[in-house]
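For reference, the chains in residue letters:
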Amino acid sequence: MEPAWRQPGRGRGRGRGGSSVAPENAVPRAPRDKGVQTPGASADGGPRPGRGRGGTAAGVLEPISDKVIQSFFLAELSTQARFEEIRRSNQAVAQKLTETQYSSSSDEEGEEEEDGKQGKILASTFTTYTNQSGGDITDLERTRQYLNDAFQSGAITCLICIASVKRNQAIWSCSGCYCIFHMPCIQKWAKDSIFLVSSVTDEDFGKKEHPWPCPKCRFEYKPHQTPNRYYCYCGKVEDPPLDPWLLPHSCGQVCDREFKPSCGHRCLLLCHPGPCPPCPKMVTVTCFCKKARPVPRRCSAKSWSCKQTCGRRLPCGQHPCQSLCHEGDCQPCPRVSTQRCLCGRSVAERLCASPVWQCEQVVCGRTLSCGNHTCERVCHRGPCGECPRSGNRACPCGKSKCSLPCTEDVPTCGDTCDKVLECGLHTCSMRCHRGACETCRQEVEKQCRCGKHTKRMPCHKEYLCESKCTKTRDCLRHLCKRKCCPGNCPPCDQSCGRALGCRNHKCPSVCHRGSCYPCPETVDVKCQCGATVLAVPCGRERATKPPRCKEICRNPPTCHHASRERHRCHFGTCPPCQQACQRVLSKCGHVCPAPCHDEVMLKKTVKPQLAGPWEQPPEPVFVQTALPCPPCQVPIPQACLGNHEVSPLPCHAVGPYSCRRPCGRLLACGNHTCARECHSVTLPDRTEDKQKAGKECHQCEEGCSCPRPPGCPHPCPLPCHSGDCPSCTQMIRLKCHCKITSLFVECLKITTADNETKRLLGSCKNQCPKQLQCGHRCKETCHPGSCVGICSQKVKLRCPCKRIKREYPCFKAHEGLVVVECDEACKDLQKKASEMKEAEEKAAIEEEKRRQQAELEAFEKRLKGRRKKTKRNNEVDIKETAWQKYKMYIMVPVCGFLLAVATFYLIQAN
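- You'll find the protein entered in an unreviewed UniProt entry as Nuclear transcription factor, X-box binding like 1, with Lepisosteus oculatus given as the organism.
- Quoted verbatim from the Sequence similarities (unreviewed entry) field of UniProt, the annotation for the protein is "Belongs to the NFX1 family."

In structure tokens, the structure reads:
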């Protein structure tokens with residue numbers, strides 16, 4: 001594989017034969033910073049002096065700044081990073097390709113998954129039909145073949161472009177042969193077909209509507225039936241969406257098309273390709289002869305015979321039909337009877353089905369009514385009729401008529417015949433005569449058929465010149481070359497012989513215009529063993545994937561096993577053997593249960609020295625190697641060192657081991673156990689208790705762990721011992737019931753006291769600081785729980801108008817037992833207050849009206865004054881600038897100074 005930077009078309013610019021399209025795995029080039037210059041380039045983008053072709057002096061060296069050196073190294077690092085990124089991506093692609101190539105079972109698993117998915121879709125498609133037919137799918141084999149072709153890769157091929165029909169492409173299906181084509185292909189085919197027929201047959205090109213045929217079955221469609229929309233198979237949904245759990249190009253709805261032949265029912269399958277299956281509905285019908293009782297039968301097979309004698313009257317009218325119950329009209333009567341001919345002269349035995357017949361005599365021979373002539377008609381029925389020579393008869397030329405007996409012939413009239421001759425231009429110049437007129441012998445100036453030459457010759461002869469036609473026939477490939485061609489050149493009769501789209505055969509049709517019809521041949525694509533065959537259109541055999549064969553692979557095994565694992569027929573090498581090795585191990589005698597390891601692909605790690613970052617590392621090499629059997633993994637029960645458990649260990653690792661649990665043997669103190677990790681124990685002599693500690697267990701160094709009295713939080717001051725612990729004498733710090741004062745009590749007193757004693761010990765003997773529900777302070781001493789006393793403190797209550805004030809106990813006021821109400825004096829005061837408030841509101845309204853009237857009058861006065869002063873406001877005062885004010889004071893000194901300088905120079909010059 002050539003490095004990415006050396007492959008054509010991957011340069012920085014669009015060079016010769018290169019392309020501006022970057023490779024898929026190339027790292028996108030970061031935009032160059034305007035402030036960083038690369039070596040050999042100036043700030044304006046041109047070449048530096050002395051380095052490029054545009055330099056002025058090749059030997060002149062310029063000092064390189066630190067910034068330029070830094071940018072040079074940054075560019076080198078970025079290039080190295082890009083090369084490293086490309087190298088890693090190429091290695092990932094190669095690794096993926098290698099894993100795909102040496103995969104053992106992924107292909108078969110994928111095929112199995114796809115087969116399962118295909119089976120589910122087929123089952124869902126046939127569900128409605130099988131529900132009606134009771135699970136019978138014998139009539140669905142043809143439809144199943146169409147569905148399998150829809151799933152099979154390369155099975156559906158467009159016969160116009162000889163390319164596979166994909167799931168996401170718009171298609172059109174012929175209603176005659178159900179062949180599937182690409183929508184653009186069939187549209188172009190219909191347009192070209194109509195154009196070719198119109199150009200050959202129409203005198204006024206494009207005026208008539210010509211049908212176009214299906215490329216496969218030649219079923220003709222009218223021009224307005226040219227497809228311009230993509231529909232599903234049943235024609236309900238336009239542009240059906242792509243669904244992986246439905247048939248390709250299917251809408252997933254019930255087909256609902258009428259059955260053919262029509263029976264009044266509709267198709268029950270989901271939208272499907274190909275013809276609809278036979279109708280599965282059950283109907284009650286009688287037999288053909290209508291004698292049997294009606295029975296329920298499948299609608300597609302509702303016509304049936306009762307196998308009894310038909311008995312219907314035959315067309316002969318004499319005998320009944322002796323055939324078994326049959327469909328349609330009865331056969332002709334097979335019996336023989338004596339019958340007369342039409343004229344009644346002959347009698348013969350003939351089939352009863354053909355009573356009308358003529359005897360072997362040529363003519364009737366009976367004398368006509370004239371008595372002079374006989375009937376010349378063949379054996380017939382009825383009278384012979386009048387004599388054909390009776391009545392008025394005309395002369396041979398038809399100009400004169402006369403009435404003569406039937407025994408005399410009509411004489412010629414002697415006039416000119418004047419009948420039109422065969423040429424159609426001249427008349428017969430002979431006298432009235434019997435028989436046919438002779439050929440026209442007049443000499444005329446005749447023009448040949450092609451109209452190029454003229455010649456004087458007899459009228460009855462055709463003039464054909466020797467000029468050959470130089471026009472091209474309708475095939476537009478061959479010249480006409482017919483002598484004296486009138487211009488309507490016949491169709492080309494040569495063979496087409498052009499290569500068809502399959503590139504294997506030539507067109508066998510007569511030479512024609514436009515594209516040739518698709519190759520009608522089919523080619524069988526076979527699997528590896530040849531048991532499964534897929535017929536594809538000629539030309540598609542190279543691009544069609546071989547069919548999946550369900551036969552078992554017949555390749556012999558290459559490992560030590562007698563036979564391979566059962567897998568399907570496939571191309572290439574068989575997957576690695578996955579059977580159990582089953583070899584007997586020499587060390588333990590067990591059988592190796594590992595998968596077969598006679599042919600294992602190992603990746604050979606080779607790290608060659610690369611010349612630079614542009615050089616690609618070599619592709620990984622895989623070597624097929626036979627590996628030895630792995631260590632025996634048969635579980636063997638083995639006890640741990642401390643006999644805590646018996647665990648199954650692999651056969652190759654059987655031996656003394658530690659279970660990692662604590663030892664757990666009772667120490668000499670009698671309270672604790674050995675905390676060491678599982679270890680070997682040597683019991684003292686004459687000891688039967690296996691739970692006692694041994695010499696290897698450590699000595700107890702912990703404190704006393706005996707349970708303390710309830711409520712005592714202090715540990716025992718003695719080391720680990722046996723027996724009861726001493727009483728606790730430490731002081732405990734407690735908060736009183738009101739949580740304000742800290743109390744110190746002995747631990748023994750508080751742990752052994754009852755509830756009343758604990759309440760007294762926890763009280764600080766002060767007044768309770770908590771508040772009652774009314775908001776006053778509790779009067780009791782420090783106590784536990786919430787305060788529940790009755791508050792008797794005096795509180796003041798007022799009437800609603802706040803004039804009357806009285807005192808009551810707090811609990812009565814809090815519980816609403818007493819209420820202070822207003823008296824008559826309170827009501828009089830409230831009435832006076834409301835009257836005063838109304839008077840104040842009226843006065844405020846009057847004051848607001850006066851203020852608004854005064855503002856309105858003042859506003860009107862201001863408007864009258866503005867109208868008089870409008871002219872003054874239009875005059876604009878122009879103020880003088882500072883230069884206009886003081887220019888005289890500035891210019892006079894400056895001019896005097898300049899005049900003095902000029903005078904000084906003139907004096908110096910003289």
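Anyway, onward from the coordinates.
1. Observations regarding the overall build of the protein
- For the protein, the helix and strand inventory stands at 10 helices and 24 strands.
- The buried share among the 910 residues of the protein stands at 25%.
- For the protein, the share of sequence-separated contacts (at least 6 apart) that also reach a separation of at least 24 residues comes to 28%.

2. Brief notes about unusual backbone geometry
- Residue Pro-261 follows Lys-260 across a cis peptide bond; omega there is 0°.
- Counting through the fold element by element, Pro-261 comes out in the loop between β6 (220-221) and β7 (282-285).
- Of note, Lys-307 is a non-glycine position whose phi angle comes to about 65°, a positive value.
- Assignment of secondary structure puts Lys-307 in the loop between β8 (295-298) and β9 (336-340).
- A positive phi angle is found at Asn-643, which is not glycine, with a value near 55°.
- Topologically, Asn-643 is positioned in the loop between β19 (635-639) and β20 (646-650).
- When its relative accessible area of 60% is taken as the criterion, Asn-643 is described as exposed.

3. Some remarks on the environment of Cys-810
- Tracing the backbone through its elements, the reader meets Cys-810 in helix α7 (residues 810-815).
- Using a relative accessible area of 5% as the deciding quantity, one classes Cys-810 as buried.
- Residues contacting Cys-810, with those up to four places away along its chain left out, are Cys-774, His-776, Cys-791, Ser-792, Gln-793 and Val-795.

4. Section: the pattern of salt bridges
- Counted by the stated rule, this structure contains 17 salt bridges.
- The salt bridge partner of Glu-258 is Arg-266, with a shortest N-O separation of 3.6 Å.
- You can call Arg-266 partly exposed: its relative accessible area is 39%.
- Between Lys-483 and Glu-466 there is a salt bridge whose closest N-O contact spans 2.9 Å. On the criterion of sequence distance, the pair formed by Lys-483 in the loop between β14 (454-458) and β15 (522-526) and Glu-466 in the loop between β14 and β15 is long-range, its members being 17 residues apart.
- Classification of Lys-483 by relative accessible area gives partly exposed; the value is 43%.
- Here Glu-466 falls in the exposed class, since its relative accessible area comes to 58%.
- Connected through salt bridges with shared partners, the residues Lys-399, Asp-415 and Asp-418 form a single ionic network.

Calculation notes
- Residues numbered from 1 in each chain as written.
- Predicted model: local features only at pLDDT ≥ 70, side-chain atom pairs only at ≥ 80, totals over all residues.
- Heavy atoms only, no water.
- UniProt positions renumbered as here; feature names shortened; annotations may be inferred.
- Helix = DSSP H or I, 4+ residues; strand = E, 2+ residues; numbered from the N terminus.
- Buried < 20%, exposed > 50% of the residue type's maximum accessible area, 1.4 Å probe, protein only.
- Contact = heavy atoms within 4.5 Å.
- Salt bridge = Lys/Arg side-chain N within 4 Å of Asp/Glu carboxyl O.

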